[in-house]
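Chain by chain, the residues:
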Number of protein chains: 6
Amino acid sequence: MRIKVINGNTFVPMTENIGEVARSVAASGTEVVHATPKAGPISIESFYDEYLAIPYILESIIEDEANFDAFVIACWGDPGIEAAREITRKPVVGIAEASMYVANMLGAKFGVVTVLDRAHNLIEHTVNKVGLMPRCASIQCTSLSVIETEELRDHACLVLEGAGRKAIAEGAEVLALGCAGMSGLDIMLEQRLGVPVVDSVAAAIKMAEALVALGKTTSKIKTFARPEPKEIRGYPAHMQSSTFPE
Amino acid sequence: MRIKVINGNTFVPMTENIGEVARSVAASGTEVVHATPKAGPISIESFYDEYLAIPYILESIIEDEANFDAFVIACWGDPGIEAAREITRKPVVGIAEASMYVANMLGAKFGVVTVLDRAHNLIEHTVNKVGLMPRCASIQCTSLSVIETEELRDHACLVLEGAGRKAIAEGAEVLALGCAGMSGLDIMLEQRLGVPVVDSVAAAIKMAEALVALGKTTSKIKTFARPEPKEIRGYPAHMQSSTFPE
Amino acid sequence: MRIKVINGNTFVPMTENIGEVARSVAASGTEVVHATPKAGPISIESFYDEYLAIPYILESIIEDEANFDAFVIACWGDPGIEAAREITRKPVVGIAEASMYVANMLGAKFGVVTVLDRAHNLIEHTVNKVGLMPRCASIQCTSLSVIETEELRDHACLVLEGAGRKAIAEGAEVLALGCAGMSGLDIMLEQRLGVPVVDSVAAAIKMAEALVALGKTTSKIKTFARPEPKEIRGYPAHMQSSTFPE
Amino acid sequence: MRIKVINGNTFVPMTENIGEVARSVAASGTEVVHATPKAGPISIESFYDEYLAIPYILESIIEDEANFDAFVIACWGDPGIEAAREITRKPVVGIAEASMYVANMLGAKFGVVTVLDRAHNLIEHTVNKVGLMPRCASIQCTSLSVIETEELRDHACLVLEGAGRKAIAEGAEVLALGCAGMSGLDIMLEQRLGVPVVDSVAAAIKMAEALVALGKTTSKIKTFARPEPKEIRGYPAHMQSSTFPE
Amino acid sequence: MRIKVINGNTFVPMTENIGEVARSVAASGTEVVHATPKAGPISIESFYDEYLAIPYILESIIEDEANFDAFVIACWGDPGIEAAREITRKPVVGIAEASMYVANMLGAKFGVVTVLDRAHNLIEHTVNKVGLMPRCASIQCTSLSVIETEELRDHACLVLEGAGRKAIAEGAEVLALGCAGMSGLDIMLEQRLGVPVVDSVAAAIKMAEALVALGKTTSKIKTFARPEPKEIRGYPAHMQSSTFPE
Amino acid sequence: MRIKVINGNTFVPMTENIGEVARSVAASGTEVVHATPKAGPISIESFYDEYLAIPYILESIIEDEANFDAFVIACWGDPGIEAAREITRKPVVGIAEASMYVANMLGAKFGVVTVLDRAHNLIEHTVNKVGLMPRCASIQCTSLSVIETEELRDHACLVLEGAGRKAIAEGAEVLALGCAGMSGLDIMLEQRLGVPVVDSVAAAIKMAEALVALGKTTSKIKTFARPEPKEIRGYPAHMQSSTFPE
């Protein structure tokens with residue numbers, strides 16, 4: 001089984017961390033390839049960042065559609081995932097949804113700890129998109145930028161510990177790490193906080209493996225049907241919807 | 001007062017219709033300029049279309065940020081509107097939200113009539129984004145493509161009449177036209193259906209005028225603060241967030 | 001265009017302030033007439049006050065139904081607005097709904113700052129009636145009576161500043177002034193709080209102008225159809241539903 | 001124990017039916033007095049009717065506040081009930097809420113069968129006010145006017161049977177009769193439909209008896225505190241809030 | 001009228017307190033019999049406790065189905081109530097639902113004060129099951145075990161007073177005592193807190209009396225129909241569904 | 001890795017089918033053991049059945065707590081799952097939740113097809129418990145008993161095909177098989193319906209494997225903490241909570 005895990009941003013050290021964590025949990029028969037989009041912001045913290053990143057995340061799926069069994073979008077807004085499901089039948093998993101499903105099986109209510117305060121509504125929007133707001137007890141934003149989660153690991157861990165305590169005080173019994181850059185910090189946080197902490201990238205790899213093993217593919221009857229073939233001006237030939245598989 | 005109304009897609013006849021309707025309702029002191037994004041799909045019917053359109057919708061705002069008092073995004077998913085509000089303080093209005101506010105003042109429950117069945121979840125997502133699902137009685141998709149709403153006016157009107165009757169049967173007392181391409185069909189549909197029908201482009205122009213007249217600008221304290229300056233690879237200089245106004 | 005703006009209570013200095021603010025934002029071709037109901041409480045702070053005020057608010061519309069193009073109900077519970085929409089086809093706008101639509105276009109979540117603590121459920125009920133609870137981050141009541149908002153402007157401003165800070169701490173990015181008596185305080189509060197503050201009366205005037213300019217009238221197919229003609233004992237001839245326009 | 005049951009409208013035959021049903025279920029020690037408001041519409045079918053009825057429903061409580069142990073408002077919108085709870089500490093029960101509590105104890109989901117189609121949103125608003133929408137499977141309006149429920153009993157029963165079947169098809173397992181005029185039709189409908197049918201007036205009498213027997217009175221700390229004393233122009237002395245008990 | 005009130009747990013002093021409170025509010029013609037299940041946990045604080053208690057609560061109904069007019073389940077999770085409604089047509093009332101209906105008639109929002117923090121989600125689940133979450137302002141757990149509510153009355157009262165103040169601060173205007181063991185503490189708490197406090201056992205007795213007096217029985221058309229006859233291994237003959245009344 | 005999959009009922013042929021399906025999707029290193037509870041109903045179709053089944057489902061976990069890495073409860077109400085999570089730290093997965101997570105990754109809205117009409121509220125309750133009602137488009141009950149799903153496979157398939165078409169018409173894009181007895185019918189239904197159909201038992205095995213591979217265990221800080229040690233009368237020694245692992 002081959003899974004392509006795509007970093008949402010273009011910060012290469014983060015892609016490498018994502019790849020490392022992904023491979024550390026992949027089953028023996030799973031080959032995980034990590035990828036950085038060809039263009040886009042070096043971190044995703046605003047809606048602007050997210051929207052500029054999406055075309056290149058989608059391109060990363062399109063150009064490898066035939067070469068993998070499943071795709072993982074490694075950014076905690078699951079950016080572009082609805083479109084990703086339109087352009088291929090193969091399973092596409094977002095790290096946000098995956099982390100929420102795993103968290104939902106471990107505690108009565110979950111919390112999300114994440115980056116800058118400005119992302120609060122983006123995170124809330126993501127929980128609503130997945131549909132699990134009834135089980136979400138707390139969303140805790142912090143002072144951390146995405147880059148800092150990657151480059152200042154000790155500092156990030158300390159800040160997330162504080163955010164975790166706040167989430168627990170608001171009713172969370174399990175935490176999801178709300179940024180791909182936090183991958184790998186779960187164990188240390190579990191030890192400090194005494195609750196399960198879900199590494200979102202790791203969770204997504206297991207969800208993707210599950211879908212492939214079950215032989216399931218994306219529904220093509222309505223929302224995620226192949227986009228109608230049409231001219232898409234200014235985009236390269238391989239991104240024209242007429243070239244996509246039915 | 002100068003308002004730039006931006007078609008979400010790149011189908012020029014639709015842009016012209018949008019401009020015409022917009023000018024027909026604009027106040028005497030309002031100058032409306034219509035615009036087609038430099039690139040993107042010729043119609044927006046899928047999430048894929050929408051996500052590829054957004055960077056160019058945003059670019060259309062960025063390059064004219066200093067030249068207008070408000071911006072209208074003329075596509076019934078209000079594509080990219082959160083990002084648009086990040087990149088300027090000036091009011092940005094989506095035709096979806098505007099049509100729902102107007103409809104909400106005219107009936108106890110509103111309905112939306114729109115294009116292809118595949119767009120149902122996209123439309124539902126838009127109503128939820130605006131927050132007015134508690135007042136939405138019905139979303140009716142049809143067999144119409146976006147292009148057909150523009151090129152086959154009589155046919156479109158007939159199909160929308162049928163969709164309107166279904167929405168009314170489900171409790172709608174007023175209808176919003178859920179596609180910019182339907183602009184100008186409101187009067188004919190009102191005559192046939194006996195309920196108010198809201199032209200979404202027209203509604204948005206009046207909302208934009210209202211915001212400018214009230215002297216209000218977008219909140220910059222959290223979600224819609226200027227995006228953090230950072231490298232955005234592969235995008236031109238004027239789209240780098242470091243160049244945006246605070 | 002002629003708009004009648006009706007104070008919900010019978011406190012004449014408040015009606016005059018409402019009229020002044022309304023005229024200050026009205027378009028050049030709009031004539032705004034302000035009115036005090038013939039009877040009713042001098043302020044609306046309880047459900048009791050509200051229910052005793054409503055028949056006279058409605059009478060103020062009935063007696064001028066033919067003379068105006070639109071009506072604004074200037075009290076932040078939008079008292080009697082459903083009935084107002086039954087007794088005329090002409091647009092009726094409530095200041096609560098108008099302020100929420102405007103706020104919704106300026107921030108990701110809005111807050112309401114208002115009068116006495118006892119009004120909390122009345123305000124919450126109003127937000128639910130409009131349908132925008134999913135976008136409301138905070139309702140902040142204060143120690144202010146309605147009369148004080150009018151007569152102790154500096155004190156009111158100070159108290160509202162404190163309430164605004166609490167609303168912002170709970171996630172509001174834009175504020176609606178939840179009482180007609182607060183009209184005119186928006187600019188000062190914006191300067192102190194750094195977020196947009198919506199003057200509800202001003203917002204309603206622009207919404208009413210928009211509806212008239214769009215040529216839209218209230219739906220008459222179901223909820224807001226003309227009340228069935230019947231005897232209404234104890235009410236004057238002009239308030240008998242048999243005398244209303246179809 | 002003395003309970004005053006107040007018809008919402010001024011149609012005396014309906015008041016008498018209400019009184020008869022109320023007495024038929026009252027406990028042996030309960031004295032039930034039925035009352036028609038001094039003024040107001042002869043039936044309540046629109047918001048306009050409801051708002052004109054409320055001041056006189058409240059007056060009926062005010063003038064007898066000292067003489068009864070509890071009050072029942074016998075109209076299925078529970079008109080003015082929040083205000084009624086402000087003006088007395090004694091329990092006030094609405095027939096809508098009472099019927100929903102009883103129905104909720106008899107089936108997994110309840111339905112409401114009621115009068116004219118135009119009342120649909122008013123009924124929905126009432127269910128939301130009580131808070132039980134999560135358990136409401138269906139609201140079925142009919143061609144029946146309020147007066148017809150009283151004067152054309154056989155016809156009303158036939159129409160309600162049809163409405164009941166529709167509600168059952170939509171998931172209702174128990175029905176509430178959504179108009180005081182339908183009081184007394186429950187048994188016949190139960191026999192025809194095979195599900196429990198709740199007479200709303202009867203239910204309210206038992207709820208009022210329960211509250212009195214439990215010695216409970218309305219909370220006076222916030223929403224239902226006595227209205228602030230103030231001038232209420234045009235209303236008689238006994239309706240001035242300064243005269244109400246603390 | 002005969003009502004059987006069944007303690008959810010097997011702690012006999014608590015059953016006796018329940019019986020005492022129940023009889024103190026019962027009408028003169030009502031005979032209340034209190035009962036302890038034959039087996040099960042001595043207190044219900046976890047889901048595990050609750051699930052082990054349910055078969056014996058149900059047995060207590062089954063073995064006396066013919067001998068009573070109504071049944072009350074006296075534990076604030078209303079454990080097994082859906083099944084109880086399947087095995088008899090006679091009314092079954094849970095103390096949780098009853099206390100919420102009563103509270104809902106006394107204040108604009110209610111709060112629940114209850115035992116251990118671990119029960120928070122169980123209590124929340126109960127409020128959702130009844131359907132009244134829209135009216136619930138606060139759920140306050142404490143350090144109290146179920147047994148302590150019974151054996152350390154003064155301490156329990158003090159702890160509940162603190163919890164009540166927190167609930168009031170969060171918007172509750174009336175409180176429900178969220179454990180049968182708290183029965184009898186309502187008056188003292190009312191005096192200390194100044195808001196109505198609902199004794200859940202007392203409330204349930206009055207609701208059961210009401211249902212019997214109204215002559216209503218549980219709907220048998222769908223959810224609460226008699227369980228399909230089938231072999232239930234390991235359970236005694238009288239618990240086999242084939243022996244239940246239609 | 002060792003997973004124990006526990007049939008909710010005591011119908012042995014169904015347990016064997018469950019075991020077979022479970023093993024067919026298990027990873028190479030996973031040992032799956034299937035088990036039938038020692039007692040309980042031979043099928044679960046009512047709340048009564050479910051509540052009598054739960055103690056024995058829990059016992060099946062308790063007696064093997066030390067011998068497995070994870071447990072799967074194979075009945076589509078996830079009966080007793082909250083209690084199961086209290087009595088062990090090891091992951092417990094319900095087939096209902098697992099099938100919904102998988103379905104949620106394959107379509108914009110999912111539907112559930114299941115057994116007898118009486119189960120509708122039980123199924124709805126389960127979707128709410130998991131938290132995914134916002135993504136559930138349809139619940140379709142049928143004439144099938146649980147036993148028939150197992151013994152009349154062709155008939156069951158035909159009936160489920162019809163139910164699936166109804167769910168699709170109501171907006172479902174992917175289906176979850178809402179009964180463990182339907183395990184193995186997914187492929188045939190996919191071929192007939194053209195949408196992905198999720199075998200709930202298969203989904204749960206993959207979710208359990210994922211949790212074990214991720215090294216995650218149930219949160220023990222609040223809701224799912226070990227039940228307080230106490231006497232549980234009438235239950236055997238190994239079911240006393242004092243014997244459970246911390």
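Keep in mind the model is a prediction, meaning the values are calculated, not measured.

Draft legend 1. Representation of the overall build of chain A in the model. When its secondary structure is counted, chain A shows nine helices and 10 strands. Over its C-alpha atoms chain A spans a radius of gyration of 17 Å, differing by no more than 12% from the 18 Å that the globule rule assigns to 246 residues. Expressed as lengths along the three principal axes of its C-alpha atoms, the size of chain A is roughly 50 × 35 × 35 Å.

Draft legend 2. Representation of the relation of the copies chain A and chain F within the structure. Of the transformation placing chain A onto chain F, the axial shift is 0.0 Å and the rotation is 180 degrees, giving an RMSD of 0.0 Å. Here the transformation between the copies is reduced to the relation of a two-fold axis. Measuring from the rotation axis to each C-alpha of chain A, the shortest distance belongs to A:Leu132, at 2.8 Å. Of the residues that chain A buries at the interface, 100% are likewise interface residues in chain F, meaning the two copies contact each other through the same surface.

Draft legend 3. Local environment of the arrangement of the chains. Separated throughout, chain B and chain E approach each other most closely at a C-alpha pair spaced 14 Å apart. Regarding chain C and chain F, the two do not touch, and the least distance separating their C-alpha atoms is 14 Å.

Draft legend 4. How the structure looks around the pairing of strand β8 (residues 174-177) of chain E. Residues and elements named next belong to chain E. Of the two faces of β8, the one carrying Val174 and Ala176 and the one carrying Leu175 and Leu177 are both buried. Here strand β6 (residues 110-116) runs beside β8; their pairing, made up of four bridges, is parallel. Residue pairing across strands places Phe110 opposite Val174, the latter belonging to β8. When β8 meets strand β9 (residues 197-198), the two strands line up parallel, connected through two bridges. Note that in β9 the partner of Leu175 across the bridge is Val197. The parallel pair β8 and β9, bridged by helix α8 (residues 186-193), forms a crossover whose chirality is right-handed.

Draft legend 5. Region of the structure containing the packing of helix α1 (residues 12-25) of chain C against helix α9 (residues 200-214) of chain C. Residues and elements named next belong to chain C. In contact at an axis separation of 9 Å, α1 and α9 are set at 50 degrees when each is read in the N-to-C sense. One finds that α1 runs oblique with respect to α9. Seen from above, α1 lies across α9 with right-handed handedness. Residue-level inspection shows Ile18, Val21, Ala22 and Val25 of α1 in contact with α9, the latter providing Val201, Ala202, Ile205 and Lys206.

Draft legend 6. Focus on the sheet that holds β6(E). Residues and elements named next belong to chain E. Reading across from one edge, β7-β6-β8-β9 is the order of the four strands in this open sheet, with parallel pairing throughout. On the outer flanks of this sheet lie β7 (136-142) and β9, each paired with one strand and no other. This element, helix α7 (residues 153-169), spans β6, β7 and β8 of the sheet and lies at about 150 degrees to β7.

Draft legend 7. Structural view of the interface of chain A and chain F. Counting residues at the interface gives 39 residues for chain A, matched by 39 residues for chain F. Of all the elements in the fold, those that place two or more residues in the side of chain A that touches chain F are α4 (95-104) and α9 (200-214) of chain A. With eight residues, α9(A) is the single largest residue contributor to the side of chain A that touches chain F. Of the residues in the side of chain A that touches chain F, the class split is 25 nonpolar, eight polar and six charged.

Draft legend 8. Expanded view of the sheet that holds strand β4 (residues 70-74) of chain F. All names here are of chain F. If you walk across this open sheet you meet the four strands as β2-β1-β4-β5, and the pairing is parallel. Lying at the two open borders of the sheet, with one neighbouring strand each, are β2 (31-35) and β5 (92-94). Here the strands of the sheet are splayed against their neighbours by 20 degrees on average, with no regard to which way each runs. In terms of strand pairing, strand β1 (residues 2-7) meets β2 through five bridges, oriented parallel. From the neighbouring strand, Val5 faces β2, where its bridge partner is His34.

Draft legend 9. Structural view of the domain arrangement of chain A. Residues and elements named next belong to chain A. Taken domain by domain, chain A holds domain 1 (2-94 + 203-243) and domain 2 (97-200). Of note, the centres of domain 1 and domain 2, computed from C-alpha atoms alone, are 22 Å apart. With 24 residues of domain 1 in contact, the opposing surface of domain 2 contributes 26 residues. Of all elements in the fold, only α1 (12-25), β5 (92-94) and α9 reach the threshold of two or more residues within the side of domain 1 that touches domain 2. When residues of the side of domain 1 that touches domain 2 are assigned to their parent elements, the largest contribution, five residues, is made by α1.

Draft legend 10. Highlighting helix α4 (residues 95-104) of chain F. Of all 10 residues in α4(F), 10 are buried, a share of seventy percent or more. Listing the buried residues of α4(F) in full gives F:Ile95, F:Ala96, F:Glu97, F:Ala98, F:Ser99, F:Met100, F:Tyr101, F:Val102, F:Ala103 and F:Asn104.

Draft legend 11. Highlighting the environment of E:Asp69. Residues and elements named next belong to chain E. Of note, Asp69 is situated in the loop between α2 (47-62) and β4 (70-74). Sequence-wise, Asp69 and Gly234 are 165 residues apart; in three dimensions their C-alpha atoms are separated by 29 Å. Those residues in contact with Asp69, other than ones at most four positions away along the chain, are Met1, Arg2, Ile3, Lys90 and Val212.

Draft legend 12. Inspection of unusual backbone geometry at higher detail. One non-glycine residue, E:Asp78, lies in the positive phi region at around 45 degrees. The residue E:Asp78 is located in the loop between β4 and α3 (81-87) in this model.

Draft legend 13. Quick peek at the environment of F:Thr114. Residue and element names in this part refer to chain F. Relative to the assigned elements, Thr114 resides in strand β6 (residues 110-116). Residue classification places Thr114 among the buried residues on the basis of 29 C-beta atoms within 10 Å. A C-alpha to C-alpha distance of 16 Å links Thr114 and Asp49, two positions 65 residues apart in sequence. Excluding residues within four positions of it along the chain, Thr114 makes contact with Trp76, Ala119, Ile123, Cys141, Thr142, Gly178 and Cys179.

What counts, and where the lines are drawn
Residues numbered from 1 in each chain as written. Chains lettered and ligands numbered in written order. Predicted model: local features only at pLDDT ≥ 70, side-chain atom pairs only at ≥ 80, totals over all residues. Helix = DSSP H or I, 4+ residues; strand = E, 2+ residues; numbered from the N terminus. Rg over C-alpha atoms; globule rule 2.2 N^0.38 Å. Least-squares fit on C-alpha atoms with pLDDT ≥ 70 in both. Contact = placed C-beta atoms within 7 Å. Buried ≥ 20, exposed ≤ 12 C-beta atoms within 10 Å, placed from the backbone. Pairing = 2+ DSSP bridges. Right-handed = clockwise from strand over helix to strand, strands pointing away. Axes fitted to C-alpha atoms, helices over the stretch in contact; angles between N-to-C directions. Parallel < 35°, antiparallel > 145°, perpendicular 65-115°, else oblique. Left-handed = near helix turned anticlockwise from the far one by under 90°. Nonpolar A, V, L, I, M, F, W, Y, C, P; charged D, E, K, R; others polar. Domains from an automatic or database assignment.

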